[in-house]
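An overview of the molecular structure
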Number of protein chains: 2
Amino acid sequence: MPKKSELLPGTLDMLILKTLTRAPLHGYGIAQSIKRLSEDVLTVEEGSLYPALQRLLLQGWVKAEWKKTETNRRARYYTLTPEGRKQLGEELSQFEVMIAAIGRVLQDA
Amino acid sequence: MPKKSELLPGTLDMLILKTLTRAPLHGYGIAQSIKRLSEDVLTVEEGSLYPALQRLLLQGWVKAEWKKTETNRRARYYTLTPEGRKQLGEELSQFEVMIAAIGRVLQDA
DNA sequence: CTAAATATATAGACTATCTATGGATAGATC
DNA sequence: GATCTATCCATAGATAGTCTATATATTTAG
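Residues numbered from 1 in each chain as written. Chains lettered and ligands numbered in written order. Predicted model: local features only at pLDDT ≥ 70, side-chain atom pairs only at ≥ 80, totals over all residues. Heavy atoms only, no water.

**Re the overall build of chain A**
If you tally the helices and strands in chain A, you get 4 helices and 3 strands. Scanning chain A from its N terminus toward the C terminus, one meets helices and strands in the order α-β-α-α-β-β-α. Expressed as lengths along the three principal axes of its C-alpha atoms, the size of chain A is roughly 55 × 35 × 20 Å. A buried classification covers 42% of the 109 residues belonging to chain A. Pairs at least 24 residues apart make up 49% of the contacts formed inside chain A by residues separated by at least 6 positions. (Helix = DSSP H or I, 4+ residues; strand = E, 2+ residues; numbered from the N terminus. Buried < 20%, exposed > 50% of the residue type's maximum accessible area, 1.4 Å probe, protein only. Contact = heavy atoms within 4.5 Å.)

Take a look at the structure:
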């Protein structure tokens, strides 16, 4: 049985941005948070996570700064920018529209 | 403003298989059906549709035969196989699990 | 006669995911 | 002191699934 993707493609940026509305967080913590909240259904692989964070940085939707974690480790903390918050809003509403549309196609009647 | 995808990536096969549970249909008709049922939200481009149908054929989830349409045009009609029906069931439940998981991450609380 | 709609298909670009790899440090255990 | 596990970052390369663009052909409408 071929292993399917751990994510629904196209939703990762939205999930990351949403996670950062709660508090600034480092990459590893973002991945953990998504995994935990999704009850282990969504797993963000490192090879997806870090490129995604680079994309978000490049587009100005998040900013980053190096800090120490509570456990005294160096980590790069990401913060949502106002543009990122706006982008999140658009992605959320677009996502809802899509899901509703898919729902209509999947209905039996 | 960069144009977003007309589909939620990863859902096309499921949408096609679902469409074929209603009746055998040709490619063009499948695309039309998805567009209509989704109320114009989901648009299946030709460059996505035909490769997808090739994939489904290759995996034995659909079979195809050339026929005439009602309007006397040649078209390739696709029919869902038993394996395709099974596959659809798996994709549907997997999709629901994913959507529920995303919903949990997107919740505010 | 021409344009739009119906119908199939491929090539090539692009994007986002994955696997695999590499590195580094902290804390716990042996 | 060694080693293991968890924490943390990041990139390269493979793969997959979209998209745009193109090609072909027929039917219907204006």
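Now, onward.
**A closer look at the interface of chain A and chain B**
The partner chain B presents 30 residues to the 30 residues of chain A that form the contact. Summed over both sides, the interface of chain A with chain B buries roughly 2800 Å², with 72% coming from carbon and sulfur. Viewed at the interface, chain B and chain A are joined by 2 salt bridges. For the salt bridge of Arg 104 of chain A with Glu 39 of chain B, the shortest nitrogen-to-oxygen distance reads 3.4 Å. On inspection of chain A and its partner chain B, the count reaches 11 residue pairs in polar contact (both at pLDDT 80 or more). Listed by contribution, the elements that provide at least two residues to the side of chain A that touches chain B are α1 (12-22), α2 (27-37) and α4 (82-106) of chain A. (Buried area = accessible area lost by both parts, 1.4 Å probe. Salt bridge = Lys/Arg side-chain N within 4 Å of Asp/Glu carboxyl O. Polar contact = N/O pair within 3.5 Å; in protein donor to acceptor, adjacent residues only side chain to side chain.)

**Describing the protein's contact with DNA strand D**
For DNA strand D, the set of nearby residues contains 27 residues, the closest of which are Tyr 28 and Arg 73 of chain A together with Gly 47, Ser 48 and Arg 73 of chain B. What you see for DNA strand D is that sugar and phosphate hold 64% of its atoms within 4 Å of the protein. Tyr 50 of chain A is positioned such that a nitrogen or oxygen atom in its side chain is 2.9 Å from a phosphate oxygen of DNA strand D. At a separation of 2.9 Å, a phosphate oxygen of DNA strand D approaches a polar backbone atom of Gly 10 of chain B. Contributions of two or more residues to the surface near DNA strand D are made by α2, α3 (46-58) and β3 (74-80) of chain A together with α3 (46-58) of chain B. Each residue belonging to the surface near DNA strand D can be placed in one class, and the counts come to 8 nonpolar, 11 polar and 8 charged. (Near = heavy atom within 4 Å. Nonpolar A, V, L, I, M, F, W, Y, C, P; charged D, E, K, R; others polar.)

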